[in-house]
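# Overview (structure and organization)
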Amino acid sequence: MKNRDMKLSDLIEIKHGFAFKGEFFSDIPTAYVLATPGNFAIGGGFQWGKMKYYNGALPDGYCLSEGDIIVTMTDLSKEADTLGYAASVPASTDILLHNQRIGKIIPKKKEVNIRFIYWLMRSPDYRDEILASYTGSTVKHTSPSRILSFEFTCPSPEDQHRIALILDFLDNKIDLNRRTNETLEAMARALFRDWFVDFGPTRAKMAGEAPYLAPELWELFPDRLDDEGNPEGWKIGELQELTVNICNGGTPKRTESSYWENGDIPWLTSGEIRKQYISETENHITNEGLENSSAKWIPAGSIVIALYGATAGEVGLTAAKMTTNQAISSLMPKSICKAYIFLHMLHSKINLANKATGSAQQNLSKNLIETFETLIPSDKILYEFENKTSLLFDRIIKNFDESHTLAQLRDLLLPKLMSGEISIRDAEKMVDNAA
């Protein structure tokens, strides 16, 4: 069957959500969660975000199911960065409710490939049309009629299926990496909490319980707690005692184009620290910009902490050599302390943020970071902890880098597959090579 020019209205309908009453909204968990524009990721796709629960009576036909495709028709962001994008309802023990301003895609025919429609509604051409037709300034709106008027060249059902399989494979692998990383980080956090927060081995010794670590490791932990409630022999010190260096970065003059144009030196901003594991940066500077500013190279394995504003206290780990702006303090830990300091700072984010000063904008400083109160165990225990967790973080970073590569490939293939610029067979080969 040849490709045909069609409109989305030829294949689907969009069902409006129900106006659930605000008096029944709740922050207390119930079995029912309202779908909101916050459930749509930038670029499309589903994210949970903050849950908004519902404890009122339910109308018939407004409970979403796993695999349903939904679309947001309202966006509060300046860039309208989620407006009109599609998301796929994930498996969940919660029941997601089809709320107002969220559209549900209803196929008109049995043979419509709903996964192909999902990816079509994440394509750049579709996105351009949504942005060209929305209404509103502070709150942006689109509508089913605007969405359904989108025209595209529709592949055969067989090709729709193959296109959807390619893009789903990439997205599923990215999601698997994300879930694997959550498990790996949870393992590292659990070990950190047992050893350095709950003092599990020491408390077990005091209670006369059986060892649950290897004998040579068990012997390294103190037999009792001191008067301050810490394992005997461990001390409270300053963060700088566990580091080789702590430094702030800088920003080359924006007005000097030679500091920025065609730059190839990664330059990290504080907002990017929210990614937590950082291998690439959005901005790059030139060597001239580096030499004429207070920006500095920091090695892979540095711990970066945001100093100002809404991100103050956020903690990240660099997976590559890079530079940073002045709103970041970079910690270069001693070799036996990398995982310990990273997890210590993640665990202490709230305590660190509470030390921020300023009214209009929260500020931390290099001095506050350097002198931050830190429990300092023995070198032997730090060495053993690094041994047990470094492989976990190596794998996390490897998965993170792989997901970044797969996302780039997905975003490259999506418009080319929809336009026919690349053949399905060639795309399949590219995916096989990347997987």
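Here the structure is a predicted model, which means the values were calculated and not measured.

Following the criterion strictly, the structure yields 26 aromatic pairs and no others. Measuring from centroid to centroid gives 5.0 Å for Tyr118 and Trp119, while their planes differ by 75 degrees, and the two rings are edge-to-face. Residue classification places Tyr118 among the buried positions, given a relative accessible area of 3%. A relative accessible area of 0% places Trp119 in the buried class. Seen in terms of ring centroids, Tyr212 and Trp218 are 5.2 Å apart; in terms of plane orientation they differ by 70 degrees. Their pairing is edge-to-face. Every member of this aromatic cluster is reached through a ring pair, and the members are Phe192, Trp195, Phe196, Phe199, Phe221, Trp234, Tyr340 and Phe385. In this arrangement the basic side chain of Lys321 is found over the ring face of Trp297, its NZ or CZ atom lying 4.5 Å from the centre.

Packing of helix H8 (residues 338–347) against helix H11 (residues 379–419) brings their axes to within 7 Å, and their N-to-C directions diverge by 75 degrees. If you check the angle between H8 and H11, you find them roughly perpendicular. Here Lys338, Ala339, Tyr340, Phe342 and Leu343 of H8 come into contact with H11, specifically with Leu382, Phe385, Glu386, Thr389 and Phe393. Here the residues of the contact of H8 with H11 sort into seven nonpolar, one polar and two charged.

Further remarks concern helix H12 (residues 424–434). Among all positions in H12, only Ile424, Ala427 and Val431 are buried. In an axial view of H12, the angular spread of the buried residues amounts to 60 degrees, which keeps them on one side of the axis. In H12, the exposed residues that point more than 90 degrees away from the buried face are Arg425, Asp432 and Asn433. Taken together, the buried residues of H12 touch helix H4 (157–197) and H11.

By size, the foremost hydrophobic cluster in this structure holds 48 residues, and its most contacted members are Trp195, Tyr340, Ile341 and Phe385. Of all elements in the fold, only H4, helix H6 (215–218), strand S19 (303–306), strand S20 (315–318), H8, strand S23 (373–376) and H11 reach the threshold of two or more residues within this core. In this structure, Met6, Ile130, Cys154 and Ile422 belong to the second largest nonpolar core, which totals 42 residues.

Turning our eyes to something else, we now look at the sheet that holds strand S6 (residues 69–72). Sheet architecture is open: four strands sit in the order S2-S10-S6-S8, paired in antiparallel fashion. Each edge of the open sheet is held by one strand with a lone partner, namely strand S2 (12–15) and strand S8 (86–88). Ignoring strand direction, the axes of neighbouring strands in this sheet form an average angle of 35 degrees.

Taken together, the five strands give an open sheet; going across it, the order is S14-S22-S19-S20-S16, and neighbouring strands pair in mixed fashion. Both edges of this open sheet fall to strand S14 (243–248) and strand S16 (277–278), since each of them pairs with a single strand only.

Side-chain alternation along S19 places Ile303 and Ile305 on one buried face and Val304 and Ala306 on a second face that is also buried. Where S19 lies against S20, three bridges are found, and the strand directions are antiparallel. Bridge pairing in S20 places Ile303 opposite Leu317.

Here the focus is the environment of Ser65. Structurally, Ser65 is set in the loop between strand S5 (53–54) and S6. With a relative accessible area of 41%, Ser65 lands in the partly exposed category. Considered as a pair, Ser65 and Arg101 are 36 residues apart in the sequence and their alpha carbons are 18 Å apart.

Reading the values: rules and limits
- Residues numbered from 1 in each chain as written.
- Predicted model: local features only at pLDDT ≥ 70, side-chain atom pairs only at ≥ 80, totals over all residues.
- Heavy atoms only, no water.
- Phe/Tyr/Trp six-rings, centres within 6.5 Å; stacked < 30°, edge-to-face > 60°.
- Buried < 20%, exposed > 50% of the residue type's maximum accessible area, 1.4 Å probe, protein only.
- Lys NZ or Arg CZ within 6 Å of the ring centre and 35° of its normal.
- Axes fitted to C-alpha atoms, helices over the stretch in contact; angles between N-to-C directions.
- Helix = DSSP H or I, 4+ residues; strand = E, 2+ residues; numbered from the N terminus.
- Parallel < 35°, antiparallel > 145°, perpendicular 65-115°, else oblique.
- Contact = heavy atoms within 4.5 Å.
- Nonpolar A, V, L, I, M, F, W, Y, C, P; charged D, E, K, R; others polar.
- Arc of directions from axis to C-beta.
- Core = buried A, V, L, I, M, F, W, Y, C linked by side-chain atoms within 4.5 Å.
- Pairing = 2+ DSSP bridges.

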